[in-house]
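Below are the chains, spelled out letter by letter.
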Amino acid sequence: FLWEHTVHIVVCDVDGTITKSNARGVWDTIVLETYAYAAHDGVCEFLTRLVKQFHPVLRILYLTSRPLAYAQSTRKFLKGLMQQQDDDD
């Protein structure tokens with residue numbers, strides 16, 4: 001994967017940062033597929049605002065120590081995670 005040298009990168013850990021817990025985050029997202037429950041409140045809104053504020057020069061790189069065998073389910077979690085946003089804008 002190659003980005004332009006002008007792109008800013010935010011590295012975001014998945015388990016324990018996006019999810020509320022390391023082990024429980026893996027269990028809830030891979031086994032139970034309870035995405036919204038496993039994630040910290042407001043994490044979607046925070047990352048969305050970051051990208052919107054710095055678009056098109058910001059990319060998010062998700063980091064995890066999950067085994068490679070869980071790559072597809074981790075991608076599914078990240079793509080499927082949705083949270084209710086506040087209407088404070």
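Structural notes, computed from the coordinates. Since the structure is predicted, the reported quantities are computational estimates derived from the model, not experimental observations.

**Things to note about the overall build of the protein chain**
- Along its length, the protein chain carries 5 helices and 2 strands.
- The secondary structure elements of the protein chain, listed N-terminal to C-terminal, are β-α-α-α-α-β-α.
- Taken over the C-alpha atoms alone, the protein chain extends approximately 35 × 35 × 15 Å along its principal axes.
- Contacts spanning at least 24 positions in sequence make up 68% of the contacts within the protein chain whose residues lie at least 6 apart.
- Summed over its atoms, the accessible surface of the protein chain is roughly 6600 Å², and 57% of this surface lies on carbon and sulfur atoms.
- Side chains of the protein chain give 9 positive and 11 negative charges; the mean places of these two sets differ by 8 Å.

**Quick look at the packing of aromatic side chains**
- Applying the stated criterion across every chain, the model contains 1 aromatic pair.
- Its end group placed over the ring of Tyr37, Lys20 keeps NZ or CZ at 5.2 Å from the ring centre.

**Things to note about the environment of Asp15**
- Structurally, the position occupied by Asp15 is in helix α1 (residues 14–18).
- When sequence neighbours within four positions are dropped, the list of residues in contact with Asp15 reads Ser21, Asn22, Gly25, Val26, Thr64 and Arg66.
- Here the side chain of Asp15 touches Thr64 through a polar contact of 3.2 Å, side chain to side chain.
- Within the structure, the side chain of Asp15 is placed 2.6 Å from the side chain of Arg66, a separation counted as a polar contact.

Calculation notes
Residues numbered from 1 in each chain as written. Predicted model: local features only at pLDDT ≥ 70, side-chain atom pairs only at ≥ 80, totals over all residues. Heavy atoms only, no water. Helix = DSSP H or I, 4+ residues; strand = E, 2+ residues; numbered from the N terminus. Contact = heavy atoms within 4.5 Å. Areas by Shrake-Rupley, 256 points an atom, 1.4 Å probe, with all protein chains shown as cover. Lys, Arg positive; Asp, Glu negative; His and termini not counted. Charge placed at Lys NZ, Arg CZ, Asp CG, Glu CD. Phe/Tyr/Trp six-rings, centres within 6.5 Å; stacked < 30°, edge-to-face > 60°. Lys NZ or Arg CZ within 6 Å of the ring centre and 35° of its normal. Polar contact = N/O pair within 3.5 Å; in protein donor to acceptor, adjacent residues only side chain to side chain.

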